[in-house]
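Inside the fold
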Amino acid sequence: ELKVEQNPLFLSMQEGKNYTIYCNYSTTSDRLYWYRQDPGKSLESLFVLLSNGAVKQEGRLMASLDTKARLSTLHITAAVHDLSATYFCAVAKTYDMRFGAGTRLTVKP
Amino acid sequence: NAGVTQTPKFRILKIGQSMTLQCTQDMNHNYMYWYRQDPGMGLKLIYYSVGAGITDKGEVPNGYNVSRSTTEDFPLRLELAAPSQTSVYFCASLAGQRTGELFFGEGSRLTVL
């Protein structure tokens, strides 16, 4: 069964600092997703990673995928308050898609 | 372009009542999903469909039923509502396995009292 683990579950950062969120999964997969969710809102797609070694960047966020290690990372560079949200990774095997528990990120001044 | 539309956005049910959450997508996507999100938690897969007439169970299907009579619609039915079904329900659709992006609806917040 496809299982997804994220860590940390809670992350409090100061503005300007860097940090990484980790996403491990249990079986081979076809695609890996990163989403952002603001309180009371739906999920906003950040990245879709399709192959081993894939790296995508958007602003202060960079996601990478290592399919051999079954690991994806979401790296935050020079955090700003606007990045405060919950971040989810999701892993897909054909049409079966499972989510991690989420990382609740708080960026403090 | 409407994308994925869910109705209702909010609903309060009494224990034992039944209801249907509606989900419609206008992108001609084959794959559709229902997830539930409990407060402070991740998303759990309830049911999914790979095309009209084909549905399958996810992680937490008990207490729910789905149907997929058309490509556009994927309703989720709750029979005999229980307090444990209080949650936010998200419908999502995916064009295909190789194209990647999963599109979400705005969510339906259900409270069972």
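Above this text is the structure in question.
Below, the structure is looked at part by part. (Residues numbered from 1 in each chain as written. Chains lettered and ligands numbered in written order. Predicted model: local features only at pLDDT ≥ 70, side-chain atom pairs only at ≥ 80, totals over all residues. Heavy atoms only, no water.)

1. Considering the overall build of chain A
Helices and strands together make up the secondary structure of chain A, namely zero helices and 11 strands. Reading the secondary structure of chain A in the N-to-C direction produces β-β-β-β-β-β-β-β-β-β-β. Over its C-alpha atoms chain A spans a radius of gyration of 13 Å, differing by no more than 12% from the 13 Å that the globule rule assigns to 109 residues. Overall size of chain A, expressed as C-alpha extent along the three principal axes, is 40 × 30 × 20 Å. The burial tally for chain A puts 45% of its 109 residues in the buried class. Within chain A, contacts between residues at least 6 apart in sequence are counted, and of these 55% link residues at least 24 apart. Taken as a whole, chain A presents about 5300 Å² of accessible surface, with 49% of it coming from carbon and sulfur. (Helix = DSSP H or I, 4+ residues; strand = E, 2+ residues; numbered from the N terminus. Rg over C-alpha atoms; globule rule 2.2 N^0.38 Å. Buried < 20%, exposed > 50% of the residue type's maximum accessible area, 1.4 Å probe, protein only. Contact = heavy atoms within 4.5 Å. Areas by Shrake-Rupley, 256 points an atom, 1.4 Å probe, with all protein chains shown as cover.)

2. Overview of the interface of chain B and chain A
Between chain B and chain A, the contact holds 23 residues from the first and 21 residues from the second. Buried surface at the junction of chain B and chain A, both sides included, amounts to about 1800 Å², of which 58% is carbon and sulfur. Where chain B packs against chain A, one counts one salt bridge. One salt bridge in this structure joins E59 of chain B and R98 of chain A, with 3.7 Å as the shortest N-O distance. Run the count over chain B and chain A and you get five residue pairs in polar contact (both at pLDDT 80 or more). Breaking the side of chain B that touches chain A down by element, the ones donating at least two residues are β4 (31-37), β5 (43-51), β9 (87-94) and β10 (102-104) of chain B. (Buried area = accessible area lost by both parts, 1.4 Å probe. Salt bridge = Lys/Arg side-chain N within 4 Å of Asp/Glu carboxyl O. Polar contact = N/O pair within 3.5 Å; in protein donor to acceptor, adjacent residues only side chain to side chain.)

3. Quick look at the sheet that holds strand β1 (residues 4-7) of chain B
The pairing of strands in a sheet comes from backbone hydrogen bonds and takes either a parallel or an antiparallel form. All names here are of chain B. The sheet built from four strands is open, its strands ordered β1-β3-β8-β7 with antiparallel pairing. Of all strands in the sheet, those bounded by a partner on one side alone are β1 and β7 (64-66). Across the sheet, the axes of successive neighbouring strands diverge by a mean angle of 20°, strand direction being ignored. Pairing of strand β3 (residues 19-25) with strand β8 (residues 76-78), which is carried by three bridges, proceeds in the antiparallel orientation. Residue pairing across strands places L21 opposite L76, the latter belonging to β8. (Pairing = 2+ DSSP bridges. Axes fitted to C-alpha atoms, helices over the stretch in contact; angles between N-to-C directions.)

4. So, the nonpolar core
Among the nonpolar cores identified, the biggest contains 25 residues, and L32, W34, L74, I76, Y87 and L105 of chain A are the most heavily contacted of them. Sorting the residues of this core by element identifies β2 (10-14), β3 (19-25), β4 (31-37), β5 (43-49), β7 (61-66), β8 (71-76), β9 (85-93) and β11 (103-108) of chain A as the ones contributing at least two each. It is β9 of chain A that provides the largest number of residues to this core, a total of four residues. Filtering out sequence-adjacent residues up to four positions away, L105 of chain A remains in contact with L11, M13, I76, L83, S84, A85 and Y87 of chain A. V48 of chain A together with Y35, L45 and F104 of chain B belong to the second-largest nonpolar core, a separate cluster that totals 21 residues. (Core = buried A, V, L, I, M, F, W, Y, C linked by side-chain atoms within 4.5 Å.)

5. Quick look at the sheet that holds strand β6 (residues 55-58) of chain A
Residue and element names in this part refer to chain A. Ordered by their spatial adjacency, five strands build an open sheet running β1-β3-β8-β7-β6, and the pairing between neighbours is antiparallel. Of all the strands in the sheet, the pair left with one neighbour each is β1 (4-7) and β6. Across this sheet, the average inter-strand angle for adjacent strands is 15°, counted without regard to direction. Bridge analysis of β1 against β3 gives four bridges, and the strand direction is antiparallel. Within the sheet, the bridge partner assigned to V4 lies in β3 and is Y25.

Scope: geometric values only; no functional claims are made or implied.
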